[in-house]
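Coordinates in review
Below are the chains, spelled out letter by letter.
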Amino acid sequence: MTEASNYLIAIDDGHGLAPLTPGKRTPFIQSIGRFIPENEFNKAVAAYLIKELKRNGFNTVETAPTDFDTPLSTRVNTANKARADLFISIHYNAFDGTFEGRNPEGFSAHIDPSGGKSEKFAKIALGHLTKGTVQKNRGVVKQQLYVTAYTKMPAVLFELGFMDHSREALLMIDKSFQQECARELAMAVCEYYGVTYKTEKETPYVIQPSGKQTKVGEAIMLRDVQTYARPEFGTQVPIVIKKGAKRNIYEIENGWYRLYGGEYIPSSYGKNFTFIATKKEQAIKNEGSIRRVLVNGKQVGAFKEEDSILRAISDALKDSPQKIEVEEK
Ligand SMILES: [Zn+2]
């Protein structure tokens, strides 16, 4: 087994924030009311990647540690002078700078046309990147790029998605996606050097089961879906629901769906699962009791029949409410 501490990995986050590298940002995104600079993503992933690599025993060197758009020659010189063993550059791609028209998507690994060890690492990394969030794998791209041409060690520039693809643009500010990219790249470094990847210590987040257990519908997973302790990213618990699996849903809040055990799954703009609010069989054996249906905290009705409750929920869902609850009266 190889010692990770024998290796120095150069981490390069593309472009800069202040001043913002011209053109290196998403189109204006209505839903969040702003642009996302490319470096905002690159920088976050680079920081997570350094954390991951250090935890696994590797040494790291940052080629652009400030928010400035560090010149490419400085980046290359830093890696060469430090005699880094591997150079990883983090970027987010762009096609035509608009959300309109043709919108390519996916991630790719860019290397010098000479291939060699860079190609070997690039292929390993693409293999890991395909395992997370469902994205198109655009493969290895051989081209002349300054940072991959002038670095003396194997070097790969990753474009981890497209800034002008509406779904992938929003992934840029999704903390769990940033962390996932970093984790997958760290796993690739480990595999490349024959080092066993160490998983992060079990998360301290604890699921709080809720007393209210009346089903509001069912979710059928469209892909493997990560679960969270709270309705927010960054609180993931080590439970992944497999693609095709069905789960009962007990509460819906701002795009987060609560499961029986109290854990949450995000709908991720409908990409994670299909939600069905109507259901034929009885969810609750407890016949005779009256249950109140609350939409955004306001009671819309009190019902004895399961069908009536489900109809009320279906009706309420048409207005995309923030929160639906069913309570025993
Ligand atoms: Zn870039």
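Residues numbered from 1 in each chain as written. Predicted model: local features only at pLDDT ≥ 70, side-chain atom pairs only at ≥ 80, totals over all residues. Heavy atoms only, no water.

**Topic: the overall build of the chain**
A count of helices and strands for the chain gives seven helices and 17 strands. For the C-alpha atoms alone, the extent of the chain along its principal axes is close to 75 × 45 × 30 Å. Buried residues in the chain amount to 50% of all 329 residues. Residue pairs in contact within the chain that sit at least 24 positions apart in sequence constitute 74% of those at least 6 positions apart. If you sum the accessible surface of the chain, you get close to 16100 Å²; carbon and sulfur atoms cover 50% of it. The averaged location of the 40 negative side-chain charges in the chain is 2 Å from the averaged location of its 45 positive side-chain charges. (Helix = DSSP H or I, 4+ residues; strand = E, 2+ residues; numbered from the N terminus. Buried < 20%, exposed > 50% of the residue type's maximum accessible area, 1.4 Å probe, protein only. Contact = heavy atoms within 4.5 Å. Areas by Shrake-Rupley, 256 points an atom, 1.4 Å probe, with all protein chains shown as cover. Lys, Arg positive; Asp, Glu negative; His and termini not counted. Charge placed at Lys NZ, Arg CZ, Asp CG, Glu CD.)

**Details of the coordination of the zinc ion**
Reference geometry at the metal: tetrahedral coordination by four donors gives ideal angles of 109.5 degrees; octahedral coordination by six donors gives 90 or 180 degrees. With distances of 2.1 to 2.7 Å, the protein atoms coordinating the zinc ion are His15 (NE2), Glu38 (OE), Glu38 (OE) and His91 (ND1). One way to put it: the four donor atoms around the zinc ion meet at angles of 52 to 143°, and that makes the site irregular. Read from N- to C-terminus, the donor residues coordinating the zinc ion fall into the pattern H-x22-E-x52-H. In this pair, His15 sits in the loop between strand E1 (8-13) and helix H1 (38-55) while Glu38 sits in helix H1, placing the two residues 23 residues apart along the sequence. The same class applies to His15 as to Glu38, namely buried. (Donors = N, O, S within 2.8 Å, 3.2 Å for Na, K, Ca; no water. Tetrahedral: all angles 85-135°; square planar, octahedral: opposite > 155°, others 65-115°.)

**Remarks on empty space enclosed by the protein**
In this approach, a probe sized like a water molecule rolls over the atoms, and the result shows the empty space that is left. Per the stated rule, a full pass over the model turns up one cavity of 30 Å³ or more. In this structure, the largest cavity spans a volume of roughly 30 Å³. Lining the largest cavity are Phe107, Leu129, Gln135, Leu160, Phe177, Glu180, Cys181 and Glu184. Ranked by residue count, the leading element in the lining of the largest cavity is helix H6 (residues 175-193), at four residues. When its residues are assigned to classes, the lining of the largest cavity shows five nonpolar, one polar and two charged. (1 Å grid on protein atoms, 1.4 Å probe; cavity = no way out; pocket = protein on both sides within 12 Å on 5 of 7 lines; lining within 4 Å. Points joined across faces, edges and corners; volume = space filled by probe spheres on them. Nonpolar A, V, L, I, M, F, W, Y, C, P; charged D, E, K, R; others polar.)

**So, the environment of Tyr264**
By the secondary structure assignment, Tyr264 is in strand E13 (residues 264-266). For the pair formed by Tyr264 and Glu251, sequence separation is 13 residues and the distance between their alpha carbons is 9.2 Å. In contact with Tyr264, not counting residues within four places along its chain, are Gln226, Thr227, Tyr228, Ala229, Arg230, Pro231, Trp256, Tyr257 and Arg258.

**Side note on the sheet that holds strand E10 (residues 246-249)**
Spatial strand order, E10-E7-E14: three strands in an open sheet with antiparallel pairing. Bordering the open sheet on either side are E10 and strand E14 (273-276), each of which pairs with just one other strand. Taken over all neighbouring pairs, the strand axes of this sheet differ in orientation by 25° on average, direction set aside. (Pairing = 2+ DSSP bridges. Axes fitted to C-alpha atoms, helices over the stretch in contact; angles between N-to-C directions.)

**A word on the packing of H1 against H6**
One way to put it is that H1 packs onto H6 with a least axis distance of 8 Å and a crossing angle of 45°. Compared by their axis directions, H1 and H6 come out oblique. In this structure, H1 meets H6 at a crossing whose hand is right-handed. Contacts between H1 and H6 involve Phe41, Ala44, Val45, Tyr48, Leu49, Glu52 and Leu53 from the former and Lys175, Phe177, Gln178, Gln179, Cys181, Ala182, Arg183, Leu185, Ala186 and Val189 from the latter. Of the residues belonging to the contact of H1 with H6, the class tally is 12 nonpolar, two polar and three charged. (Parallel < 35°, antiparallel > 145°, perpendicular 65-115°, else oblique. Left-handed = near helix turned anticlockwise from the far one by under 90°.)

**Comments concerning the packing of aromatic side chains**
Counted according to the given criterion, the structure contains 15 aromatic pairs. Ring centres 5.9 Å apart and planes at 45° place the aromatic pair Phe58 and Tyr193 in the tilted group. Linking Phe58 in the loop between H1 and strand E2 (59-62) with Tyr193 in helix H6, this pair joins segments that are 135 residues apart in sequence. For Tyr193, a relative accessible area of 11% gives the class buried. It is Arg25 that lies over the ring of Phe35; its NZ or CZ is 3.6 Å from the centre. (Phe/Tyr/Trp six-rings, centres within 6.5 Å; stacked < 30°, edge-to-face > 60°. Lys NZ or Arg CZ within 6 Å of the ring centre and 35° of its normal.)

**Some remarks on the domain arrangement of the chain**
Along its sequence, the chain is carved into domain 1 (4-193) and domain 2 (217-328). Computed over C-alpha atoms only, the centres of domain 1 and domain 2 are separated by 37 Å. Of the residues lining the interface, six residues belong to domain 1; the matching set on domain 2 comes to six residues. Carbon and sulfur atoms supply 59% of the area that domain 1 and domain 2 bury against each other, a total of about 580 Å² over both sides. (Domains from an automatic or database assignment. Buried area = accessible area lost by both parts, 1.4 Å probe.)

**As for the environment of Ala64**
Among the secondary structure elements, Ala64 is positioned in the loop between E2 and helix H2 (72-81). When the C-alpha atoms of Ala64 and Gly14 are compared, they prove to be 8.1 Å apart, with 50 residues separating the residues in sequence. Setting aside chain neighbours within four positions, we find Ala64 in contact with Asp13, Thr70 and Arg75.

**Focus on unusual backbone geometry**
A positive phi is found at His15, a non-glycine position, where the angle reads about 70°. You will see that Arg83, though not glycine, has its phi angle at about 55°, which is positive. With respect to the element layout, Arg83 can be found in the loop between H2 and strand E3 (86-93). Among the residues examined, Arg83 registers a relative accessible area of 69% and is labelled exposed.

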